[in-house]
Amino acid sequence: MSELIYLDHAATTAARPEVVDAMLPYFTEKFGNPSSIYGIAAESKKAVQHARDVIAGSLGANSEDIYFTAGGSEADNWALKAAVDAYKDKGKHIITSAIEHHAVLHTCEYLEKNGVEVTYVGVDADGIINLDELEQAIRPDTILISVMAANNEIGTIQPISEIGAIAKRHGVLFHTDAVQAYGQIPLQVDEMNIDMLSASGHKLNGPKGIGFLYIRKGLKLRSFIHGGAQERRRRAGTENVPGIVGFGKAVEIAFATLEERMEKETLLRDYLISHIIERIPYCRLNGHKIKRLPNNVNISFQFVEGESLLIMLDMKGICASSGSACTSGSLDPSHVLLAIGLPHEIAHGSLRLTLGEENTYEQMDYVVDQIVEIVGKLRAMSPLYEDFMKKNRK
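Residues numbered from 1 in each chain as written. Predicted model: local features only at pLDDT ≥ 70, side-chain atom pairs only at ≥ 80, totals over all residues. Heavy atoms only, no water.

Participant: What am I meant to see in the packing of helix H10 (residues 306-315) against helix H13 (residues 361-380) here?
Facilitator: Helices that pack against each other are described as a pair by the angle of their axes relative to one another and the distance between those axes. Relative to each other, H10 and H13 sit at 135°, their axes nearing to 10 Å. Overall, the two elements H10 and H13 adopt an arrangement that is oblique. The crossing of H10 and H13 is right-handed. Of H13, the residues touching H10 (which contributes Ser308, Leu309, Met312 and Leu313) are Gln370, Ile371, Ile374, Val375, Lys377 and Leu378. (Axes fitted to C-alpha atoms, helices over the stretch in contact; angles between N-to-C directions. Helix = DSSP H or I, 4+ residues; strand = E, 2+ residues; numbered from the N terminus. Parallel < 35°, antiparallel > 145°, perpendicular 65-115°, else oblique. Left-handed = near helix turned anticlockwise from the far one by under 90°. Contact = heavy atoms within 4.5 Å.)

Set out below in structure tokens:
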């Protein structure tokens, strides 16, 4: 196949042409600062408000509860650090899961160095959080639970409504990192008892460098970035108007096609999973078989080094990953795969393929053929695989 096959949509997505078209005027003739009072500034302010309304509507939220950020990592940092600061009189204990994105885990590490106690709740072999362990971890001084809506590596969807109900029952704030889930599955902040939610534009065919944090009305979270009075005095800095406009347009399109896209990607996902597992022995699917993002495939291959597999796939015109793009330079195995019980040697042989609506069954057939061929070549060079096969022939 001569075309590039992009299967790393969890890392980032291409901005849609409609998104780019919506953004362009706000770089040129509609360049006004939304905080100014003249005509072109009013146009920018109106465009920002429209995007805020669209995003709020997608979550069943109020528009005034959406605060724009520079991305998901900033939103996660804001949620955790500001919650700790605002509710420190109640306590300094927060709860999260062992498989969170590093935007949450590294923020927790920072908070621990500053006197905050963090409980990391485990997950089962499919990556689903243990609800009993979560509830038992709540203490009188617990102020926050932060659990991602869906995992960025293995695609497992967490029982967000149940977690929200537990948090509400105990009077604890609930934040969810929805960077991978937003625009991929339905999320409703009131129904799920979500107090704060983080999302990012570039995961759903919007621009990079823009995200938001939903903060339920009544929470006394203070500013994260100090300066001007933007974002209702909670996030200083001139608004990224083109980015906000593009994010709003991407959300508009994503939610208009959500059900149709979920159905198509789920079928394509399951087709890809079944064909890989049927044709390649000694491999396993990571994450829950059903309770997973419609576009996520994560498979570990025994006796294969993941980095070599990725390089050889790239040579065949296939873009994939071994996990989070944020840790692609690390030699350590995925903390997510270790948390679900995989030994180091198998975790190192993982492959994440994340689909987009432009992907086809023809592409999947080509991808499976290439994976079969590459895994065969890599195993043929592996002394461990040779020893394993000799023992199994006896």
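Participant: I keep staring at the sheet that holds strand E9 (residues 283-285) and nothing clicks. Help me out?
Facilitator: What links the strands of a sheet is backbone hydrogen bonding, and the strands pair in either a parallel or an antiparallel sense. With antiparallel pairing, the three strands of this open sheet are ordered in space as E9-E10-E12. Of all strands in the sheet, those bounded by a partner on one side alone are E9 and strand E12 (350-354). Across the sheet, the axes of successive neighbouring strands diverge by a mean angle of 20°, strand direction being ignored. (Pairing = 2+ DSSP bridges.)

Participant: How do you make sense of the side chain of Asp8 when you look at a structure like this?
Facilitator: With respect to the secondary-structure elements, Asp8 resides in the loop between strand E1 (5-6) and helix H1 (17-23). When sequence neighbours within four positions are dropped, the list of residues in contact with Asp8 reads Cys319, Ala320, Ser321, Arg352 and Thr354.

Participant: Just checking my understanding: could you explain the pattern of salt bridges for this structure?
Facilitator: Close approach of charged atoms allows side chains with opposite charge to pair. The final tally for this structure, using the stated rule, is 18 salt bridges. Its salt-bridge partner being Lys30, residue Glu43 comes within 3.8 Å of it at the nearest N-O pair. In this pair, Glu43 sits in helix H2 (residues 39-59) while Lys30 sits in the loop between H1 and H2, placing the two residues 13 residues apart along the sequence. What makes Glu43 partly exposed here is its relative accessible area of 34%. Note on Lys30: relative accessible area 26%, which makes it partly exposed. Note that Asp369 is salt-bridged to Arg279, the shortest N-O span being 2.6 Å. Of this pair, Asp369 sits in helix H13 while Arg279 sits in helix H9 (residues 258-279); the two residues are 90 residues apart in sequence, bridging distant segments of the chain. Classification of Asp369 by relative accessible area gives partly exposed; the value is 35%. (Salt bridge = Lys/Arg side-chain N within 4 Å of Asp/Glu carboxyl O. Buried < 20%, exposed > 50% of the residue type's maximum accessible area, 1.4 Å probe, protein only.)

Participant: Teacher, can you tell me more about the sheet that holds strand E4 (residues 117-121) here?
Facilitator: One open sheet accounts for seven strands, arranged E2-E8-E7-E6-E5-E3-E4; its pairing is mixed. The sheet terminates laterally at strand E2 (66-69) and E4, the two strands that pair on one side only. Averaged over all pairs of adjacent strands, the angle between strand axes in this sheet comes to 20°, irrespective of strand direction. Bridge count for strand E5 (residues 142-146) against strand E6 (residues 173-177) is three bridges, and the pairing is parallel. Across the sheet, residue Leu144 finds its bridge partner in E6, namely Leu173. Contacts from helix H4 (residues 102-113) reach strand E3 (93-97), E4, E5 and E6 within the one sheet, and its direction differs from that of E4 by about 145°. Across the face of the sheet, helix H6 (residues 160-169) comes into contact with E5 and E6 while running at roughly 155° to E6.

Participant: Looking at this structure, how should I read the side chain of Ser63?
Facilitator: Position of Ser63 among the secondary structure elements: in the loop between H2 and E2. Look past the residues within four positions of Ser63 in its chain and what remains in contact with it is Gln49, Arg52, Asp53, Ala56 and Arg232.

Participant: How do you make sense of helix H8 (residues 241-256) when you look at a structure like this?
Facilitator: One full turn of an α-helix is made of 3.6 residues, so residues set three or four places apart face in the same direction. Given a rise of 1.5 Å per residue, 16 residues ought to cover 22 Å, and the 23 Å separating the end C-alpha atoms of H8 matches this to within 8%. Most of H8 is tucked away: twelve of the 16 residues are buried. Turning to H8, its buried residues are Val241, Pro242, Gly243, Ile244, Val245, Gly246, Phe247, Gly248, Ala250, Val251, Ile253 and Ala254. At the N-terminal boundary of H8, the capping side chain belongs to Asn240, with an oxygen 3.0 Å from the backbone nitrogen of Gly243. (Expected span 1.5 Å × (residues − 1). Polar contact = N/O pair within 3.5 Å; in protein donor to acceptor, adjacent residues only side chain to side chain.)

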